[in-house]
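The residues making up each chain are set out below.
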Amino acid sequence: MTGGQALARTLDAAAGYGMPSVRTKSGVIVCLRYLTWGRRGNDWLRTAGIQVTDRTIARWKEGTQFPREANRRKIEQALWLCRRSSLADHYKQRLWDNGRGSRIEVYPVDQTTVALNRSRDLRMRHFNVRTEWAAIVDAWSANDHARLDEVWESMTYALGSDHDAYTHVSHLGFGV
C-alpha cells in the first residue's frame, strides 16, 4: 500500500478501537447515541445521506426498529466522519508533542516474492515526524488520500537516497 494509505489505516485503527459494529442491534444503538450526543443532533446522519424521519432514528436508538443494510452503511459512514472530526485536534496535539514530534517505524514492502535480481535489501526505518502532523491529520480527517500520499512522499525524502523504496510500505507503526 502507499505510505498515505498506511497513515490512514494506522489512524483509523486507533480511532476505531473499541467502537462497536453496526451489524448488531446493540452496535447500532451505541453508534447512534455517539453520533447524536449533545448538540450534534442528527447532523452527522444527514451529512451521510440518511433520509428517514427523526422518529425512525429515535426508534433505531431505542432498539425497537433495526435499520436496513443501506442505512447501516450510512450510519457507519457518519460514524467515521464524526469520529475523525472529533479526534483531529487531539491527534494533532498528541502527535506533534510540543514540537518534538512522533517517531514512525516504516516497514518496507516484503521483498520475498520479488525476483532475486530485482529485490533490494530493505530494512525497517525510523524517523521523527515533526511539522507534518497537522497536514497528515487534516487530510485523514477529510478522507483525502491523495493529499496523504503527497505528504508521505515529501516526508520520505528525509530517508535519503533510499526514499523511493519506501513509497509503498507493508505497514507503519506509531503511537496515537
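Residues numbered from 1 in each chain as written. Predicted model: local features only at pLDDT ≥ 70, side-chain atom pairs only at ≥ 80, totals over all residues. Heavy atoms only, no water.

### Here's the deal with helix H2 (residues 25-35)
Right, on to step 1. Looking only at H2, the buried set comprises Gly 27, Val 28, Ile 29, Cys 31, Leu 32 and Leu 35.
Right, on to step 2. Of the surrounding elements, those touching the buried residues of H2 are helix H3 (43-47), helix H4 (54-62) and helix H5 (69-96). (Buried < 20%, exposed > 50% of the residue type's maximum accessible area, 1.4 Å probe, protein only. Helix = DSSP H or I, 4+ residues; strand = E, 2+ residues; numbered from the N terminus. Contact = heavy atoms within 4.5 Å.)

### Topic: the packing of H2 against H4
Right, on to step 1. One way to put it is that H2 packs onto H4 with a least axis distance of 7 Å and a crossing angle of 125°. One finds that H2 runs oblique with respect to H4. Contacts between H2 and H4 pair Ile 29, Leu 32 and Arg 33 from the former with Trp 60, Lys 61 and Glu 62 from the latter.
Right, on to step 2. Tallied by class, the residues present in the contact of H2 with H4 amount to 3 nonpolar, no polar and 3 charged. (Axes fitted to C-alpha atoms, helices over the stretch in contact; angles between N-to-C directions. Parallel < 35°, antiparallel > 145°, perpendicular 65-115°, else oblique. Nonpolar A, V, L, I, M, F, W, Y, C, P; charged D, E, K, R; others polar.)

### Things to note about the pattern of salt bridges
Right, on to step 1. Applying the stated criterion across every chain, the model contains 7 salt bridges.
Right, on to step 2. With a shortest N-O distance of 2.7 Å, Asp 54 and Arg 46 are connected by a salt bridge.
Right, on to step 3. Judged by its relative accessible area of 32%, Arg 46 is partly exposed.
Right, on to step 4. The shortest N-O distance in the salt bridge between Arg 72 and Glu 69 comes to 2.4 Å. Of this pair, Arg 72 and Glu 69 both sit in helix H5, separated by 3 residues, roughly a single helical turn.
Right, on to step 5. Taking relative accessible area as the criterion, Glu 69 reaches 36% and is therefore assigned partly exposed.
Right, on to step 6. One salt-bridge network, in which partners are shared between bridges, spans Glu 69, Arg 72 and Arg 73. (Salt bridge = Lys/Arg side-chain N within 4 Å of Asp/Glu carboxyl O.)

### Re the packing of aromatic side chains
For any pair of aromatic rings, geometry is given as the distance between the ring centres together with the angle between the planes.
Right, on to step 1. Considering all chains together, one arrives at 3 aromatic pairs under this definition.
Right, on to step 2. Ring geometry for Trp 133 and Phe 174: centres 5.2 Å apart, planes at 50°, overall tilted. Placement of Trp 133 in helix H6 (residues 133-141) and of Phe 174 in the segment after strand E3 (169-173) is noted, with a sequence separation of 41 residues between them.
Right, on to step 3. In this structure Trp 133 comes out as buried when scored by relative accessible area, which is 1%.
Right, on to step 4. With relative accessibility at 12%, the residue Phe 174 sits in the buried group.
Right, on to step 5. Its guanidinium or amino end placed over the ring of Tyr 34, Arg 40 lies 4.8 Å from that ring's centre, counting from NZ or CZ. (Phe/Tyr/Trp six-rings, centres within 6.5 Å; stacked < 30°, edge-to-face > 60°. Lys NZ or Arg CZ within 6 Å of the ring centre and 35° of its normal.)

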